[in-house]
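Structure at a glance
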Amino acid sequence: TGEMMPPLGNLTYEIAVEMFAEQAAALSDGGADCIYVETMSDLNEAKAAVEGAQQACDLPIFCTLSFDTHGRTGMGISPAQAAGALAELEVAALGANCGHAPEEVLDFLPQMREAAPQAFLIAKPNAGIPHRVKRQFVYDAGPERMADLARQFVQLGAQIIGACCGSSPEHITAMAHAIRQERG
């Protein structure tokens, strides 16, 4: 929403549920295949988004949170806490997206698997951190590095794998090829 929930802000859980329900209904009416809630840092907001989507439609709901270099969201939620709570809400898939170094997701997936053993796991990290080079932002994880990580995500049980900020068609192509090779 871009708004903070108590105690840091004024957005109530109930209003957030209504807002997310309205968005999910519009997406469903527009022909969406699923509702993908991503880059969340507040578990209560993530729960409100999932609840709103569940009220508005019957589409599968995916939900990912963004974790920082300390292994927590900006609001202090661990991967295990997030996975446990989202599994209770019966989302179709859960995991981590965005973040800093894409390798960090290698630490998050096992924690999520332990907290939610039956969950479909999502790994969708940034292609690293952007650096400014001659008036352009360049991300430090190229297609080959992301392809290698995609293989490792498969080995850790991720079923839905992608890339977030800084990724390009070349990144996705390399990752898809690596996953196909890994899965045989």
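Described below are features of the structure shown in this document. (Residues numbered from 1 in each chain as written. Predicted model: local features only at pLDDT ≥ 70, side-chain atom pairs only at ≥ 80, totals over all residues. Heavy atoms only, no water.)

Details of the pairing of strand β5 (residues 130-133)
Of the strand pairs in this sheet, β5 and strand β6 (residues 136-139) are connected by four bridges, and their pairing is antiparallel. For Arg-132, the partnering residue across the bridge sits in β6 and is Phe-137. In sequence, β5 turns back onto β6 through a hairpin of two residues, with Lys-134 there showing a positive phi of about 50°. (Pairing = 2+ DSSP bridges. Helix = DSSP H or I, 4+ residues; strand = E, 2+ residues; numbered from the N terminus.)

Remarks on the side chain of His-171
One can find His-171 in helix α6 (residues 169-183). Overall, His-171 belongs to the buried group, its relative accessible area being 7%. (Buried < 20%, exposed > 50% of the residue type's maximum accessible area, 1.4 Å probe, protein only.)

Looking at helix α2 (residues 43-56)
Its 14 residues give α2 an end-to-end C-alpha distance of 20 Å, which sits within 8% of 20 Å, the value for a rise of 1.5 Å per residue. What α2 keeps buried is the set Leu-43, Glu-45, Ala-46, Ala-48, Ala-49, Val-50, Gly-52 and Ala-53. Of the surrounding elements, those touching the buried residues of α2 are α1 (13-29), β1 (35-40), β2 (61-65) and α3 (79-88). One side-chain oxygen at the N-terminal end of α2 lies 2.8 Å from the backbone nitrogen of Asn-44; it belongs to Asp-42. (Expected span 1.5 Å × (residues − 1). Contact = heavy atoms within 4.5 Å. Polar contact = N/O pair within 3.5 Å; in protein donor to acceptor, adjacent residues only side chain to side chain.)

Things to note about the layout of surface pockets
When its volume is computed, the largest pocket comes out at roughly 170 Å³. Contributing elements (two or more residues each) for the lining of the largest pocket: α1, β1 and α2. For the lining of the largest pocket, the element with the highest residue contribution is β1, accounting for five residues. Along the lines of polarity and charge, the residues of the lining of the largest pocket split into nine nonpolar, two polar and two charged. (1 Å grid on protein atoms, 1.4 Å probe; cavity = no way out; pocket = protein on both sides within 12 Å on 5 of 7 lines; lining within 4 Å. Points joined across faces, edges and corners; volume = space filled by probe spheres on them. Nonpolar A, V, L, I, M, F, W, Y, C, P; charged D, E, K, R; others polar.)

What to know about the packing of aromatic side chains
This model, assessed by the stated rule, comprises two aromatic pairs. With a centroid separation of 5.9 Å and 70° between ring planes, the pair formed by Tyr-36 and Phe-62 is classed as edge-to-face. Taken together, the residues span a long stretch of sequence, with Tyr-36 in strand β1 and Phe-62 in strand β2 at a distance of 26 residues. Relative to Phe-108, the ring of Phe-67 has its centre 5.1 Å away and its plane inclined at 50°; by these criteria the two rings are tilted. Separated by 41 residues along the polypeptide, Phe-67 in the loop between β2 and α3 and Phe-108 in helix α4 (residues 105-115) bring together distant segments of the chain. For the pair Phe-67 and Phe-108, one class covers both residues: buried. (Phe/Tyr/Trp six-rings, centres within 6.5 Å; stacked < 30°, edge-to-face > 60°.)

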